[in-house]
Amino acid sequence: MLDLTKLAGQIPGISQHLKVEAAVSRQRLELGQKLLLQTLAQQDELVKRQQQWRDRMTFTAATPVEPLDTRIDLNSAPESHTVFATDGSQIAPSHHEIAYCYLINVGRVMLHYGQSLYPLLDSLPEVFYRPEDLYVSRQWGIRTEEWMGHRRTVSEATMLAEMACRWVNPPGPHFDIPNLAMVDGSLIYWFLEGMPGDARDRILPPILDAWNQLRSVNVPLLGYLSASRSLEALNFLRLQACPHPAPDCITHCASIIDKLPCQIVDPLRDAAFWATLLNPGQRSPLFRSSARILDLYGDHRIYFCYVHVGTEVARIEVPQWVAENSALLHQALSLTLAQVNKGFGYPVALAEAHNQAVVRGGDRARFFALLEQQMIRAGLRNVGTSYKEARKRGSIS
């Protein structure tokens, strides 16, 4: 039991520590704003320097494609529009259950505004039980539970594209209505780094195929990151703060263990920094991510910006084909802002997709009960959970 008496004695010390941290954070923000102005003055030169020395830099810095002092007010969303979203959940495999298998459940949401149409709110479950589903990843040293998460990412992307394309594809009556396809989280799949090529070829191509389908029907794709911890944008300012003639980290700073001399605003994050510069309803300049895994994305390289949605500053990611189409980009951002307002601080389509996808404890129990019934009906004998699992479900109290 928590001893509140002992805990109360520690609270004053925590409060004083937080007060000091707040003062230090304000200093970092002021320093970051000064550094931004210095970087803006020679932005083009720093971009050239970044491209020249990219292979010698030990940190990932995004490349600004607009002036760093860009602040753009987002337009209101049109009255008639449609938003698509997917999110996934799963039941992990367990040797203690009646069968070693896993389930992926993808929530689908399609919300129509100003069209007098019913929404779509459902989920599509899929059970994976074949040996090629359960054990194929082990040849690459990837655990089944981890592979299940990667397969879920593929299912979310493919179902999003299928749903959106089926709705807007001509000669359907909804082709010209503004729309948006949303996913929760980053479009940069960092888990692909270090993954063997054969394994990566099972994951990335179907995702990019789904994105190509969205592009073919002019549906912008957007990844929404709440409470982002990224510092890709601020890392570009480190080029200005570098004390050396060239940002050759391997030559100049390889022996430095602690903070590098260019990390003068560390540990300040992008979202916290742009929160001091943006007004509600504004977006930051657009950046092109320099993550090396994006070299495999082809013409789907990821761009991002920060948007003050009112309750927070969110990181918004889009593929290259959306970023390079200003009308499509502004459409995506205005619909996102409307979604946040309707969802009281978070996009309502993403929240509903999560609610449709989530697998609760009761759902898990019913799934395995249904599976047990079907196995018995098929004539299998000795069907049941392990003694450990059976004992955990009971209690002597």
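Before reading on, note that the structure itself is shown above.
Basis of the calculations
Residues numbered from 1 in each chain as written. Predicted model: local features only at pLDDT ≥ 70, side-chain atom pairs only at ≥ 80, totals over all residues. Heavy atoms only, no water. Helix = DSSP H or I, 4+ residues; strand = E, 2+ residues; numbered from the N terminus. Buried < 20%, exposed > 50% of the residue type's maximum accessible area, 1.4 Å probe, protein only. Contact = heavy atoms within 4.5 Å. Areas by Shrake-Rupley, 256 points an atom, 1.4 Å probe, with all protein chains shown as cover. Pairing = 2+ DSSP bridges. Polar contact = N/O pair within 3.5 Å; in protein donor to acceptor, adjacent residues only side chain to side chain. Axes fitted to C-alpha atoms, helices over the stretch in contact; angles between N-to-C directions. Parallel < 35°, antiparallel > 145°, perpendicular 65-115°, else oblique. Nonpolar A, V, L, I, M, F, W, Y, C, P; charged D, E, K, R; others polar. Expected span 1.5 Å × (residues − 1). Salt bridge = Lys/Arg side-chain N within 4 Å of Asp/Glu carboxyl O. Core = buried A, V, L, I, M, F, W, Y, C linked by side-chain atoms within 4.5 Å.

1. Focus on the overall build of the protein
Check the secondary structure of the protein and you find 14 helices and 11 strands. Expressed as a percentage of its 397 residues, the buried residues of the protein come to 47%. If you take every contact in the protein between residues at least 6 apart in sequence, the share linking residues at least 24 apart comes to 75%. Of the accessible surface of the protein, which amounts to about 20,200 Å², a share of 52% is contributed by carbon and sulfur atoms.

2. Brief notes about the pairing of strand β3 (residues 81-91)
A large share of β3 lies buried, amounting to 10 of its 11 residues. Relative to strand β4 (residues 102-113), β3 runs antiparallel, the two sharing 11 bridges. Residue pairing in the sheet places D87 in a bridge with G107 of β4. Note that β3 and strand β6 (residues 179-184) share five bridges and pair parallel. Looking across to β6, one finds that T86 is bridged to V183.

3. Looking at the side chain of R315
Looking at the element boundaries, R315 is found in strand β11 (residues 313-319). A residue is classified by how much of its surface remains accessible, and R315, at 2% relative accessible area, is buried. In terms of polar contacts, R315 uses its side chain to reach the side chain of E232, at 2.9 Å.

4. With respect to the packing of helix α3 (residues 43-53) against helix α7 (residues 232-241)
Running from amino to carboxyl end, α3 crosses α7 at an angle of 100°, the nearest separation of the two axes being 10 Å. Put simply, α3 runs roughly perpendicular to α7. Of the residues in α7, those in contact with Q43, L46, V47, R49 and Q50 of α3 are F236, L239 and Q240. Looking at the contact of α3 with α7 residue by residue, the class counts come to four nonpolar, three polar and one charged.

5. With respect to the pairing of β4
Of all 12 residues in β4, 12 are buried; the element is thus mostly enclosed. Both faces of β4 are covered, namely the face carrying Y102, I104, V106, R108, M110 and H112 and the face carrying L103, N105, G107, V109, L111 and Y113. Both β4 and strand β5 (residues 120-128) contribute to a ladder of nine bridges, which runs antiparallel. Within the sheet, the bridge partner assigned to R108 lies in β5 and is D122.

6. Considerations on helix α6 (residues 197-216)
For α6, with 20 residues, the first-to-last C-alpha span of 27 Å sits near the 28 Å given by 1.5 Å per residue. By the burial criterion, the buried members of α6 are A199, I203, L204, I207, L208, A210, W211 and L214. Where α6 is buried, its residues meet α5 (144-168), β6, β7 (221-225), β10 (302-308) and α10 (320-323).

7. A closer look at the environment of S230
With respect to the secondary-structure elements, S230 resides in the loop between β7 and α7. Side-chain polar atoms of S230 contact the side chain of R315, separated by 2.8 Å.

8. Looking at the pattern of salt bridges
This model, assessed by the stated rule, comprises 12 salt bridges. Measuring nitrogen to oxygen at the nearest pair gives 2.6 Å for the salt bridge that ties R301 to D295. Using a relative accessible area of 16% as the deciding quantity, one classes R301 as buried. Classification of D295 by relative accessible area gives partly exposed; the value is 45%. Residue E317 pairs with R315 through a salt bridge whose shortest N-O separation is 2.8 Å. One salt-bridge network, held together by shared partners, links R54, D295 and R301.

9. Describing the environment of L239
Here L239 lies in helix α7. Put simply, L239 and Q50 are 189 residues apart on the chain and 7.5 Å apart in space, counted from C-alpha to C-alpha. Sequence-distant contacts of L239, that is, excluding residues within four places in its chain, are made with L46, R49, Q50, M57 and P247.

10. Side note on the nonpolar core
Taken as a class, soluble globular proteins show a tendency for nonpolar side chains to be buried jointly. One finds W211, L222 and Y224 to be the most contacted residues of the largest nonpolar core, which totals 77 residues. Sorting elements by how many residues they give to this core places α5 first, with 11 residues. Apart from the residues lying within four places of it in its own chain, the contact partners of W211 are L187, Y189, L221, Y297, H300, I302 and W321. Among the nonpolar cores identified, the runner-up in size contains 29 residues, and A61, A62, V265 and V313 belong to it.

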